[in-house]
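Below are the chains, spelled out letter by letter.
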Amino acid sequence: MYITVKYFGQIAEVTQQDEESLEFSGHLISELLELLYSKYSSLKTKDFQIAQNQELVTIETKLTGAELALLPPFSGG
């Protein structure tokens, strides 16, 4: 399946792009993260949340959507 991964803030700085499309045959978000960690090793040191189809999920969530977003910490005011 093809998955679009969107990167924001400091995560986009690490990857040097705002988004990318990947062909991926795994089933869990944790498996996709391993692929991303192998491409961008410094991503392991960053704190972020993951959204799948605009809903926050955990790394053990099954991949069901075509869009993931890696969201760095943010604050509101």
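Since the model is a prediction, treat every value here as computed from it, not as a measurement. For every chain, the first residue of the written sequence is number 1, and numbering continues from 1 along that sequence. Per-residue local features are limited, in this predicted model, to residues with pLDDT of at least 70; the limit for side-chain atom pairs, both in listing and counting, is 80 or more; totals at the level of whole chains, interfaces and linings are taken over all residues. Think of the side-chain values as coming from all heavy atoms in the structure, minus any hydrogens and water.

(A) Inspection of unusual backbone geometry at higher detail. A positive phi angle, near 65°, is found at Gln16, a position not held by glycine. You can see Gln16 is positioned in the loop between helix 1 (9-15) and strand 2 (19-23). A relative accessible area of 66% places Gln16 in the exposed class. With a phi angle near 70°, Gln54 is a residue other than glycine that sits in the positive phi range. For Gln54, the location among the structural elements is in the loop between strand 3 (49-52) and strand 4 (55-57). Secondary structure elements are taken from DSSP: a helix is a run of H or I of four residues or more, a strand is a run of E of two residues or more, and numbering for both begins at the N terminus. Each residue gets one of three labels from its accessible area relative to the maximum for its type: buried under 20%, exposed over 50%, partly exposed in between, using a 1.4 Å probe on protein chains only.

(B) Main features of the environment of Glu67. Within the secondary structure layout, Glu67 lies in strand 5 (residues 67-71). In sequence terms Glu67 and Lys6 are 61 residues apart; their C-alpha atoms lie 7.5 Å from each other. Whether two residues touch is decided by their heavy atoms; if any such pair falls within 4.5 Å, the residues are in contact. Setting aside anything within four residues of it in sequence, one finds Glu67 in contact with Thr4, Lys6, Ala51, Gln52, Asn53 and Gln54. In protein, a polar contact requires one atom able to donate a hydrogen and another able to accept it; more generally it is a pair of N or O atoms within 3.5 Å, and residues adjacent in sequence count only if both atoms are side-chain atoms. In terms of polar contacts, Glu67 uses its side chain to reach the side chain of Lys6, at 3.4 Å.

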